[in-house]
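Chain by chain, the residues:
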Amino acid sequence: MMKIHHRIGKKIVAVCDEEIVGKVFREGNIVLDISPKFYEGKKADLEEVVKEIMDADIVVLSGKRIIEELDKKGLVIKDYALKVGDQLHLQIIKEVFET
């Protein structure tokens, strides 16, 4: 599941495993809310996701499957993902602000 947001001239790509949309995961004080408003967009295959990630300013990834697939392609490092409950979460922030 992928949704593209545009805020203050920046492209934010939110991607999650389809089956976790609408769920909330907890680990201690950390809460990972897979809000449909933020994540629910279109179903996208891995090729589409990679294309959008490469063009994004900010990427938000949630779910074991998507992070594992991107790790296999060398685009993220799964070991750096935050584990919340039984799910993984990563954020990629490219240079967003000009100096």
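None of the values given here were measured: they were computed from a predicted structure. (Residues numbered from 1 in each chain as written. Predicted model: local features only at pLDDT ≥ 70, side-chain atom pairs only at ≥ 80, totals over all residues. Heavy atoms only, no water.)

Enquirer: Just checking my understanding: could you explain the pattern of salt bridges for this structure?
Expert: Opposite charge on two side chains allows them to pair when their charged atoms are near. According to the stated counting rule, one finds eight salt bridges in the structure shown. Lys-51 serves as the salt-bridge partner of Glu-52, at 4.0 Å between the closest nitrogen and oxygen. The buried category is assigned to Glu-52, whose relative accessible area is 15%. On the basis of relative accessibility, which here comes to 58%, the residue Lys-51 falls in the exposed class. Here the residues in one salt-bridge network are Lys-11, Lys-51, Glu-52 and Asp-55, joined through shared partners. (Salt bridge = Lys/Arg side-chain N within 4 Å of Asp/Glu carboxyl O. Buried < 20%, exposed > 50% of the residue type's maximum accessible area, 1.4 Å probe, protein only.)

Enquirer: What am I meant to see in the environment of Ala-14 here?
Expert: If you trace the backbone, Ala-14 turns up in strand E2 (residues 10-16). By relative accessible area, which is 0% here, Ala-14 ends up buried. (Helix = DSSP H or I, 4+ residues; strand = E, 2+ residues; numbered from the N terminus.)

Enquirer: Looking at this structure, I do not really get unusual backbone geometry. What am I missing?
Expert: For residues other than glycine, phi is negative in most cases, and the peptide bonds are mostly trans. The phi torsion at Ile-8 lies on the positive side, around 40°, for a residue other than glycine. Position of Ile-8 among the secondary structure elements: in the loop between strand E1 (2-7) and E2.

Enquirer: Mind showing me how you'd approach the nonpolar core here?
Expert: One broad rule of soluble globular proteins: the nonpolar side chains tend to lie buried together. Within the largest apolar cluster, 16 residues are counted, with the highest numbers of intra-cluster contacts made by Val-15, Leu-61, Ile-67 and Leu-70. When neighbours within four sequence positions are excluded, Leu-61 is seen to be in contact with Val-15, Ile-53, Ile-67, Leu-70, Val-76, Leu-88, His-89, Leu-90 and Ile-92. (Core = buried A, V, L, I, M, F, W, Y, C linked by side-chain atoms within 4.5 Å. Contact = heavy atoms within 4.5 Å.)

Enquirer: What should I look at first to understand the environment of Asp-86 in this one?
Expert: Along the polypeptide, Asp-86 turns up in the loop between strand E6 (82-84) and strand E7 (87-93). For Asp-86, a relative accessible area of 41% translates into the label partly exposed. Along the backbone, Asp-86 and Ile-8 are 78 residues apart, and their C-alpha atoms lie at a distance of 33 Å. Setting aside residues up to four positions removed in sequence, Asp-86 forms contacts with Phe-25 and Lys-64. One polar contact links Asp-86 to Gln-87, side chain to side chain, over a distance of 3.5 Å. (Polar contact = N/O pair within 3.5 Å; in protein donor to acceptor, adjacent residues only side chain to side chain.)

Enquirer: Sorry if this is basic, but what is going on with the packing of helix H2 (residues 46-54) against helix H3 (residues 64-72) here?
Expert: A packed helix pair is summarised by two numbers, namely the angle formed by the two axes and the spacing between the axes. Contact geometry for H2 and H3: axes closest at 11 Å, N-to-C directions at 75°. In terms of their interaxial angle, H2 and H3 are classed as roughly perpendicular. In this structure, H2 uses Leu-46, Val-49, Val-50 and Ile-53 to contact H3, whose residues at the interface are Ile-66, Glu-69 and Leu-70. In terms of residue class, the contact of H2 with H3 is made up of six nonpolar, no polar and one charged. (Axes fitted to C-alpha atoms, helices over the stretch in contact; angles between N-to-C directions. Parallel < 35°, antiparallel > 145°, perpendicular 65-115°, else oblique. Nonpolar A, V, L, I, M, F, W, Y, C, P; charged D, E, K, R; others polar.)

Enquirer: Which parts of the structure should I look at to understand the pairing of E7?
Expert: In regular strands, side chains alternate between the two faces of the sheet. Across five bridges, strand E5 (residues 58-62) lies against E7 in antiparallel orientation. Pairing of Val-59 across the sheet is with Ile-92, part of E7. Hairpin remark: E6 followed by E7, antiparallel, with two residues in the connecting loop; positive phi at Gly-85, about 60°. (Pairing = 2+ DSSP bridges.)

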